[in-house]
Amino acid sequence: MSRHIGFIMDPIEHIKSYKDSTFAMMLAAQKRGWHIHYMTTSDLFLDNSTLRMNTRDIQVHDDPHHWFSYDSEFKTIGAETLDVLFMRKDPPFDINYLNTTYLLDHAKAQGVLVINDPQAIRDANEKMYTTWFPQCCVPYLVSSQATLIKQFIAMHKNVILKPLDSMGGDSIFKVHEQEPNINVILETLTYHGQRLIMAQQFIPDITEGDKRILLINGEPIPYALARIPAAGETRANLVAGGTGRGQALSDRDRWLCAQVGPTLRQRGLFFVGIDVIGDYLTEINVTSPTCIRELEQQFQLDIAGQLLDAVETQLIQRNTP
């Protein structure tokens, strides 16, 4: 059965197709003969209570020099035209991103399977959501108060400080109890006490990598991509210079997935990437998780295909009385 699948994403002409997870999904959809609708957030609009969108029919090619072609003309369709709609725009989770999720509530009301569920995206801050699984985490503090944060640093000696709304390792600091620049770091991160940040006890196992584990409807892919920091760097993000090394999940990794997976499934967080350093959960990525292509290449997997198989199962279940 041919499906209509929509992708809301950043402009496709600016992606790196050889490593882009949304592009991997598009390739998998095209292989199945599904009709692909491409759009950006600015292409969505609400006409009274009906979500409509200007889309382009798109063809994708697994060629890093010519990875897409699309119709020059937009088509305006109602959201109900689609079977499934992926929200794959990258953060930051700013006011435009937030408002887009409100539009996607209407797509859901019109019967579209929206991945990930828009309300769940709003509720699950990628740093803060880990706090609902304290058994999986190192000690942490969320505060805008410099005094409390300094006390936390004094207690735990080496600490990671990070904003709650960043991505790709942006504005993450590793500090120690004798950090000479702590005042200016806290002033910068908290906007002089006006913005909440997260402090986490530093995990020395970062030298072995920050593992990205992908979960489809609460079930993990059996391999993780361990992102290894560059020399002299504590951030392992690939955009910060880290390198990716695939590895099988450990028993502890599987235990962590078992802790969070049922909740993700219940909330409609269908495709998620959790970050694990050593034995501990550090982030839960719900907006546009990556690393599909790296894992597919290293282990000859078809993660994008597996994802669409799970989507098809979900669609059939939704339409079964």
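Presented here is an overview of the structure given in this document.

How each quantity is defined
- Residues numbered from 1 in each chain as written.
- Predicted model: local features only at pLDDT ≥ 70, side-chain atom pairs only at ≥ 80, totals over all residues.
- Heavy atoms only, no water.
- Helix = DSSP H or I, 4+ residues; strand = E, 2+ residues; numbered from the N terminus.
- Rg over C-alpha atoms; globule rule 2.2 N^0.38 Å.
- Buried < 20%, exposed > 50% of the residue type's maximum accessible area, 1.4 Å probe, protein only.
- Contact = heavy atoms within 4.5 Å.
- Areas by Shrake-Rupley, 256 points an atom, 1.4 Å probe, with all protein chains shown as cover.
- Lys, Arg positive; Asp, Glu negative; His and termini not counted.
- Charge placed at Lys NZ, Arg CZ, Asp CG, Glu CD.
- Pairing = 2+ DSSP bridges.

1. Points about the overall build of the protein chain
Along the protein chain, the regular secondary structure elements total 8 helices and 18 strands. Computed over its C-alpha atoms, the radius of gyration of the protein chain comes to 20 Å, within 12% of the 20 Å expected for a compact globule of 321 residues. Each of the three principal axes of the protein chain carries a C-alpha extent, and together these read 60 × 45 × 45 Å. Counting every position in the protein chain, which comprises 321 residues, the buried fraction comes to 51%. Counted over contacts in the protein chain with a minimum sequence separation of 6, partners at least 24 positions apart contribute 67%. Summed over all atoms, the accessible surface of the protein chain reaches about 14600 Å², with 50% contributed by carbon and sulfur. Side chains of the protein chain give 29 positive and 38 negative charges; the mean places of these two sets differ by 3 Å.

2. Digging into the pairing of strand 17 (residues 271–277)
Along strand 17, 7 of the 7 residues are buried, which leaves the element largely enclosed by surrounding structure. Here strand 17 shows no split at all, with Phe271, Gly273, Asp275 and Ile277 on one side and Val272, Ile274 and Val276 on the other all buried. In this structure, strand 13 (residues 210–216) lies alongside strand 17, joined through 7 bridges in antiparallel fashion. Each bridged residue has a counterpart across the sheet, and for leucine 215 the counterpart in strand 17 is valine 272. Bridging between strand 17 and strand 18 (residues 280–285) involves 5 bridges; their strand directions are antiparallel. Bridge pairing in strand 18 places glycine 273 opposite asparagine 285. Where strand 17 folds back on strand 18, the antiparallel hairpin that results is connected by 2 residues, among which glycine 278 adopts a positive phi of roughly 60°.

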